[in-house]
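# A closer look at the structure
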Amino acid sequence: MTMKIQFDLSRKEQSFAKTYFTFDRTSLGGIPLSDAETAYARKQLKENDLVILNRYNELVFVVFADALKDKGIFPEQCRKRGNEISGILRQEKIREIDIVLPETKPEAGIAVAEGLALGSYQFVKYRSANDKKQWNLEKVNLVGTKISKIDINLLAVMVESVFIARDLVNEPGSHLNAVKLAESFEEMGKSAGFTSDIFHKDKIEKLKMGGLLAVNQGSIDPPTFSVLKWEPADAKNTKPIVLVGKGVVYDTGGLSLKPTKDSMDYMKCDMAGGAVVAAVMYYAAKCQLPLHLIALVPSTDNRPDGNAYAPGDIVYMHSGQTVEVLNTDAEGRLLLADALSFAKDYHPKLVIDIATLTGAAAMAIGHHGIVMMGNAGEEIFSALKLSGENVFERIVEFPLWEEYGESIKSDIADMKNIGEREAGSITAGKFLEKFVDYPWIHLDIAGPAFLNTSDHYRTRGGTASGVRLLIDFLRHLV
Ligand code: BES
Ligand code: MN
Ligand code: ZN
C-alpha cells in the first residue's frame, strides 16, 4: 500500500503544528505570536530560514522565503523548508499540520506543503518492526482562501503519483519481475482510469521485438511490453503524446557483467523510467487531464545465463534494422529502440522516452539534473526546460551532432550498440535516434533516479525524478 497523505482546505480536528510565513526577516506582522516569541523569532531569522517555536501543546513554524529570488528558486526554497518541517514532525511523531497560506503569496504555502509531503516519504514495507514505521504524515491542512479544492486535489494526486513511482523503484528485483511490474501498471490503471494492455512473450515475438527478446534471453522470467492509454473525450490533441519508459527490473549487465562492488547494488532502479511514465498516466487519469496519452514500457531483467545474449551477437530489431551487440550492458537502448519503433504506428505528435540509460549521464552532471537530447525542436526543448526549473528537476541539453554517429557504425550490421568511451550518453541518444521518425525527446535519468543519501525532499532510494517534470510539462500543454 502506497503511503497516502490527506490534504484538506481547513482543519477540522485539533492539529498540533502550525506553519506561518514571512517574506521579511524583521517584520512578523499578522503572525499570532506573543511579544517574547516575536523577539525570539526575529533573532532566529537573522541566521535561519526556519524558526521553530515549541509551545507546550503545539509546534509553531515560521518560514522565511526570499520573495526576491527568481521563479524556480523561490518554490524550491519553500519545498526545502517543508522538508525540514517534515523531519521535525517525524521526530515529534506529529501526524497533522496546518499551513496558513500567506495572502500575498499563497504559492509559498503550497510549495511548503509539497516539500513537506514529498520529504515524508518512507519505504518501510520490508521492515518488520521499527520506529520508522511508527510515524506517518497523515494530514496537511491548507488554511486560507487562496486555494481551491481542485488545486488541493492536483497537489494530492501529484504527491501520490510520486510515491507510487518511488515505491516501484524501491521494490527489489526479488519481488518485481517484468510480469509483476506490468501487473502493478494494470492495478494503477484500474484505480485511476487508464486502460492497460500487457503484451506477453508470444505477442512480443509476433511483433518481432528482437531487442527486448535479446535482453530477455538470459532471464528465467518472461518479458512484458505494457501499453497504457488515456484518451479522454475532451483531449486537446488528436495525435497522441507517447511516453516511453525503460523497464529493466534489474540490470546485472548480462554477460558483460557489471563489476562488483557498487555498480550493481542499486540496479533495481533500472525500471525508473517505466515507473515514471506509469505514474504520469496515473496522474493524468486521476486528474482527468484533457490530453491523449499513451505510455509504453518494455520490461525484462538483464542477466547472464546459458542462453543469454552475448557480445558479438546480431539482433534483428522491431524496426527491421540489425544491431551488432558488443556490450550486453548497453541493454536499455535495445528495448527502448523497439518501443520507439513500435510508437511510429500511433503517428504521434511527440514521443518522450525516459530512462536510466547511461552511467555517463550521471558522471557528466551528477544527480542534480536530467540529460536531454532529441529532435523535437526549440519550442519543446524550452517548454521542458522551463518545467524543469518550475519543479526543480532541471534539464541539460546534450547535442546529437552527426559526428557522434560515427562511433556506433558496425562492419557487419546496421549499427552496434556501443560507441567509444567518451560521450557515452550521446552515443546512446544517437542509437535511439535511428528508430524515430517523429518529434522526439530523450531524457536520461541515470543520475537523479536513485539516491543513496537523501537530497532534501528527494528521499533516499527511488526519487521518481521525471514525474513532476512531465506532469508540469503536460499541464502546460492544456
Ligand atoms: N542501467 C545502466 C545505466 C545506469 C548506470 C543507470 C548507473 C543508473 C546508474 C545501463 O544499462 C548501462 O549499463 N549502461 C552502460 C552503457 C555502456 C555499456 C555503453 C554504462 O553506462 O556503463
Ligand atoms: Mn546496463
Ligand atoms: Zn540498464
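Given the structure is predicted, the values throughout are model-derived calculations rather than measurements. (Residues numbered from 1 in each chain as written. Chains lettered and ligands numbered in written order. Predicted model: local features only at pLDDT ≥ 70, side-chain atom pairs only at ≥ 80, totals over all residues. Heavy atoms only, no water.)

### Things to note about the packing of helix H3 (residues 106–119) against helix H4 (residues 149–170)
Between H3 and H4, the least distance of the axes is 10 Å, while the angle of their chain directions is 25°. By the angle between their axes, H3 is roughly parallel relative to H4. The handedness of the crossing between H3 and H4 is right-handed. Contact residues: H3 offers Ile 110, Ala 113, Glu 114, Ala 117 and Leu 118, while H4 offers Leu 155, Met 158, Val 159, Val 162, Phe 163 and Arg 166. Residue composition of the contact of H3 with H4, by class: 9 nonpolar, no polar and 2 charged. (Axes fitted to C-alpha atoms, helices over the stretch in contact; angles between N-to-C directions. Helix = DSSP H or I, 4+ residues; strand = E, 2+ residues; numbered from the N terminus. Parallel < 35°, antiparallel > 145°, perpendicular 65-115°, else oblique. Left-handed = near helix turned anticlockwise from the far one by under 90°. Contact = heavy atoms within 4.5 Å. Nonpolar A, V, L, I, M, F, W, Y, C, P; charged D, E, K, R; others polar.)

### Considering the site of ligand 1
If you check the shell around ligand 1, you find 15 residues, and the closest are Lys 258, Asp 270, Asp 329, Glu 331 and Gly 359. At 2.9 Å, a side-chain N or O of Asp 270 approaches a nitrogen atom of ligand 1. Within the backbone of Gly 359, an N or O atom sits 2.6 Å from an oxygen atom of ligand 1. Considered on its own, ligand 1 offers 520 Å² of accessible surface; in the complex 76% of this is hidden by protein. When atoms are counted within 2 Å of each cavity's grid points, the one that captures over half of ligand 1 is the largest pocket. (Near = heavy atom within 4 Å. Polar contact = N/O pair within 3.5 Å; in protein donor to acceptor, adjacent residues only side chain to side chain. Areas by Shrake-Rupley, 256 points an atom, 1.4 Å probe, with all protein chains shown as cover. 1 Å grid on protein atoms, 1.4 Å probe; cavity = no way out; pocket = protein on both sides within 12 Å on 5 of 7 lines; lining within 4 Å. Sits in = over half its atoms within 2 Å of the grid points.)

### Some points on the pairing of strand E18 (residues 440–444)
Note on strand geometry: in a regular strand, side chains alternate between the two faces of the sheet. Taken across its 5 residues, E18 has 5 buried, putting it largely inside the fold. As paired elements, strand E14 (residues 350–355) and E18 share 5 bridges and run parallel to each other. In the strand pairing of E18, Val 351 is matched with Trp 440. Summarising the sheet, strand E15 (residues 370–374) and E18 pair through 4 bridges and their orientation is antiparallel. Opposite Met 373, over in E18, you have His 442 as the bridge partner. (Buried < 20%, exposed > 50% of the residue type's maximum accessible area, 1.4 Å probe, protein only. Pairing = 2+ DSSP bridges.)

### Regarding the domain arrangement of the chain
Taken domain by domain, the chain consists of domain 1 (6–147) and domain 2 (159–475). Each of domain 1 and domain 2 has a C-alpha centre, and the two are 36 Å apart. Counting from both sides, the interface comprises 20 residues of domain 1 and, opposite them, 19 residues of domain 2. Approximately 1700 Å² of surface area, both sides summed, lies buried where domain 1 meets domain 2, with 60% of it carried by carbon and sulfur atoms. Here domain 1 and domain 2 share 3 salt bridges between them. A salt bridge links Arg 458 to Glu 76; the nearest nitrogen and oxygen atoms lie 2.9 Å apart. Inspection of the region where domain 1 meets domain 2 yields 9 residue pairs in polar contact (both at pLDDT 80 or more). Contributing elements (two or more residues each) for the side of domain 1 that touches domain 2: helix H2 (73–92) and H3. Broken down by element, the residue count for the side of domain 1 that touches domain 2 peaks at 6 residues, all from H2. The residue inventory of the side of domain 1 that touches domain 2, partitioned by class, reads 8 nonpolar, 5 polar and 7 charged. (Domains from an automatic or database assignment. Buried area = accessible area lost by both parts, 1.4 Å probe. Salt bridge = Lys/Arg side-chain N within 4 Å of Asp/Glu carboxyl O.)

### Concerning the sheet that holds strand E2 (residues 17–22)
Read across the sheet, 6 strands follow the order E1-E6-E5-E2-E4-E3 without closing on themselves; strand pairing throughout is mixed. The open sheet terminates on both sides in strands that have one partner only, identified here as strand E1 (6–8) and strand E3 (50–54). When the angles between neighbouring strand axes are averaged without regard to direction, this sheet yields 20°. In this structure, E2 lies alongside strand E4 (residues 59–64), joined through 6 bridges in parallel fashion. Bridge pairing in E4 links Thr 19 to Phe 61. Along the sheet, helix H1 (residues 35–45) contacts E2, E3 and E4; its crossing angle with E3, the most-contacted strand, is approximately 150°. Along the sheet, H2 contacts E2, E3, E4 and strand E5 (96–100); its crossing angle with E4, the most-contacted strand, is approximately 165°.

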